[in-house]
Amino acid sequence: MFFSRLSSTRQSKAFSDLTVTKDVGDWDPGILRVLNHHLDFVAIAFDPMFGLLASGTSSGVIRIFGAPGVDVSLDLPEPLPVSFLRFSTSTRQLVCIDARDQLHFWDLSHVGHPLCQQTTVLDSGVSDISLSPFHTHALILFLTGEIRAYDLLSFQMSPYMIPNLWKLYIKDVNVTVKLPPDPVMEMPMEIVSHPRDLNWIFVVFRGGVVLCDLAKRSPVAVYKRHESVMGDSIQSASFVTSMTVHPSGHVFVVGYGDGSVGFWEIADETQPLFVKTLAELGENVNGCSAFEQLLGTVGENNQYPNVEPICKLAWCRSPDSSDPVGGDTLLLVLGGCPVTSDRGLVVFLMPAFNHALSTSFPDKSSSLHHTTRDTTVQTLLPKKAHFYSPSALVRDFCIVSCQNRRYSGVWDPAAVICLCSTPSSTQGVETFRFPPRDFFGGSSGILGDPSDSSKTDIIDHLGALLEEMKLDLNQELLTPPGALRCGLSEIVKVYVMDVKPETMDELSKTSTTENEL
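Residues numbered from 1 in each chain as written. Predicted model: local features only at pLDDT ≥ 70, side-chain atom pairs only at ≥ 80, totals over all residues. Heavy atoms only, no water.

Draft legend 1. Layout of the sheet that holds strand E19 (residues 260-265). Read across the sheet, 4 strands follow the order E17-E18-E19-E20 without closing on themselves; strand pairing throughout is antiparallel. Two strands in the sheet have a free side with no partner beyond their single neighbour: strand E17 (240-245) and strand E20 (274-277). The average angle at which neighbouring strand axes cross in this sheet is 25°, direction not considered. The sheet contact formed by E17 and strand E18 (residues 251-256) spans 5 bridges and is antiparallel. The residue bridging threonine 244 from the neighbouring strand is valine 253, located in E18. (Pairing = 2+ DSSP bridges. Helix = DSSP H or I, 4+ residues; strand = E, 2+ residues; numbered from the N terminus. Axes fitted to C-alpha atoms, helices over the stretch in contact; angles between N-to-C directions.)

So this is what it looks like as structure tokens:
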């Protein structure tokens, strides 16, 4: 029936007659290549210098994608879930930590298939691992709160060690005010590098954020929130979940368990500039209907709906800005949406920060002057907002930048990769153009001027066509590698074409060789 319909609508000579063969070799079917599609991706990493995208699965498989044709599969010694996946630019390595806290290394400079160099068993649970493109050591944050340095060249733990900084802070505070022990607040979360000072790192604990001097191995400042968004009393929901730093290095944002975000000036550790939910932060943003519908409206007693915790934050420079200090910036927030809505990715277009108003060094003697504080707050109110709404629940995201390792690889963003989970428990990725097209007026004029009556029919026809294709011009969904795509495992399109015998032979030969990086 299918072929009869084809023959009735198209010329039959467009298709080869497979029932007639002149030689035996003309009809010799065989497997050219097996395409493996994994539905259990749990970690992603991207390196702008290598131009490589790595993804790890819950079954111990790591896929590396690069230029067209580059698709390499690596297997862990045991089929364990991948917990952390990082690129080491300075040593040309891929670093992985599995669910049993085993550290794995691959040499990416090896010709052909990456070479497995070392597998090391760590003696404690890992909370995070940080790799700088300018160093040959990895900083590993253990669940004990200690930070150890691992030498990526000699494959051994360095004697360099930073003690639990939160315990040191509590010990200093107890000299004047006795605080009850709270193991929950001592739990370490992540390490965030300072974008402009290689000697500084932020160590995130549930109780707050500690700015650490790497040379002195001691705290420089401690940023702790003492009140919640909706009241004056300390609540357990105000624990820290994530943080990110402005490209200038003067301001940073902390995400909390109650769904709020706190903006801090690095020079003032006494109190944040302000703490708001996404709904409150978006009150100054107009013209983003999808974002407004997502956050909902204010209910009784001026209360917003219950929101989920902030899961992840990222702050990057706008690619259209010529200001080396930052200019307009882009703040990405995962989480903080109502619990009844689908979790997507919110991005804010932030105005240029006036770094002349602040100092990059914390001053413990006094807090910011109220005039300086008010002026700084005004430069941190978003101008625009956009909501990325993938077809599945977003678990994590990764920013793709263009061959620039400055500021932790988020200097010139070009796309954002969302790690999504479907209701059927399958996980894949969806990729979007970043920044959104409507942030810089890129969407204006795409469909012409609606006031031009001579183009009305064309515009209507094009609009109907785009609606049929389900294409969102603002989000501009990009196409990731086929093995990473999120959704059901099914055939979506089939093509029939003529292939010459010599072409078939060439494909058979090349498919038997390993793909090279």
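Once you've had a look at it, read on.
Draft legend 2. Representation of the confidence of the model for the protein chain in the model. On average, residues of the protein chain score 77 in pLDDT, and 71% of them reach the 70 mark or higher. The model gives residues 297-302 a pLDDT under 50, and that stretch makes 3 contacts with residues more than four places away or in other chains. (pLDDT = per-residue confidence, 0-100. Contact = heavy atoms within 4.5 Å.)

Draft legend 3. The sheet that holds strand E13 (residues 188-193), seen in detail. Pairing is antiparallel across the open sheet formed by 4 strands, whose spatial order is E13-E14-E15-E16. If you trace the sheet from one side to the other, it starts and ends with E13 and strand E16 (218-223), each paired once. This sheet shows a mean twist of 25° between the axes of neighbouring strands, independent of strand direction. Looking at chain direction, strand E14 (residues 200-205) and strand E15 (residues 209-213) are connected through 5 bridges and run antiparallel. Residue phenylalanine 202 lies in a different strand from E15, and its bridge partner there is leucine 211. Most of the contacts of helix H2 (residues 165-173) go to E16, to which it runs at about 75°, and overall it touches E14, E15 and E16.

Draft legend 4. Layout of the side chain of threonine 379. Of note, threonine 379 is situated in the loop between helix H5 (370-378) and strand E24 (384-388). Note on threonine 379: relative accessible area 14%, which makes it buried. Not counting residues up to four positions away in its chain, the partners in contact with threonine 379 are Pro351, Ala352 and Phe353. (Buried < 20%, exposed > 50% of the residue type's maximum accessible area, 1.4 Å probe, protein only.)

Draft legend 5. Main features of the pairing of strand E9 (residues 126-131). Counting buried residues in E9 gives 6 out of 6 residues, a clear majority hidden from the surface. Where E9 lies against strand E10 (residues 137-142), 5 bridges are found, and the strand directions are antiparallel. By the bridge assignment, aspartate 128 is partnered in E10 with leucine 141. Between the end of E9 and the start of E10, which pair antiparallel, lie 5 residues.

Draft legend 6. Here's a closer look at the packing of aromatic side chains. Inspection of the entire model under this criterion finds 12 aromatic pairs. The interplanar angle of 65° and the centroid separation of 5.4 Å between the aromatic rings of phenylalanine 105 and phenylalanine 155 together place this pair among those described as edge-to-face. With phenylalanine 105 in strand E7 (residues 102-107) and phenylalanine 155 in the loop between strand E11 (147-151) and strand E12 (156-162), this residue pair connects regions lying 50 residues apart in the sequence. Phenylalanine 155 sits in the partly exposed class, given a relative accessible area of 22%. Ring centres of tryptophan 166 and phenylalanine 205 lie 6.0 Å apart, and the angle between their planes is 35°; this geometry places the pair in the tilted category. Remark: phenylalanine 205 occurs in strand E14 and tryptophan 166 occurs in helix H2; sequence separation between them is 39 residues. Here phenylalanine 205 falls in the buried class, since its relative accessible area comes to 0%. Of the aromatic side chains, those joined through ring pairs into one cluster are Phe202, Tyr223, Phe252 and Trp264. Lying over the aromatic face of tyrosine 256, arginine 225 brings its terminal NZ or CZ to 4.4 Å of the ring centre. (Phe/Tyr/Trp six-rings, centres within 6.5 Å; stacked < 30°, edge-to-face > 60°. Lys NZ or Arg CZ within 6 Å of the ring centre and 35° of its normal.)

Draft legend 7. Quick look at the pattern of salt bridges. Summed over all chains, the structure comprises 7 salt bridges. For the salt bridge of arginine 86 with aspartate 128, the shortest nitrogen-to-oxygen distance reads 3.1 Å. Separated by 42 residues along the polypeptide, arginine 86 in strand E5 (residues 82-88) and aspartate 128 in strand E9 bring together distant segments of the chain. (Salt bridge = Lys/Arg side-chain N within 4 Å of Asp/Glu carboxyl O.)

Draft legend 8. View of H2. Here H2 has its buried residues at Leu165, Trp166, Tyr169, Ile170 and Val173. Mapping the buried residues of H2 onto a view down its axis gives an arc of 140°, with all of them on the same face. Opposite the buried face of H2, at more than 90 degrees from it, the exposed residues are Lys171 and Asp172. In the core, the buried residues of H2 are packed alongside E12, E14, E15 and E16. Two or three places before tryptophan 166, at the start of H2, stands the capping residue asparagine 164, its side-chain oxygen 3.0 Å from that residue's backbone nitrogen. (Arc of directions from axis to C-beta. Polar contact = N/O pair within 3.5 Å; in protein donor to acceptor, adjacent residues only side chain to side chain.)

Draft legend 9. The nonpolar core, seen in detail. Within the largest apolar cluster, 23 residues are counted, with the highest numbers of intra-cluster contacts made by Phe263, Trp315, Leu331, Phe348 and Leu380. Looking at this core, the elements that each hand over two or more residues are E18, E19, helix H3 (278-281), strand E21 (310-317), strand E22 (329-335), strand E23 (345-350) and E24. Apart from the residues within four sequence positions on either side, leucine 331 is in contact with Thr244, Val253, Phe263, Ala314, Trp315, Val346, Val347, Phe348 and Met350. Counting residues in each nonpolar core, the second largest holds 19 residues, with Cys316, Leu330, Ile399 and Val416 among its members. (Core = buried A, V, L, I, M, F, W, Y, C linked by side-chain atoms within 4.5 Å.)

Draft legend 10. Quick peek at the environment of isoleucine 147. Summarising the element assignment, isoleucine 147 is placed in strand E11. Taking relative accessible area as the criterion, isoleucine 147 reaches 0% and is therefore assigned buried. Separated by 56 residues in sequence, isoleucine 147 and valine 203 place their C-alpha atoms 9.4 Å apart. In contact with isoleucine 147, other than residues within four places in its own chain, are Leu139, Ile140, Leu141, Tyr160, Met161, Ile162, Ile191, Ile201 and Val203.

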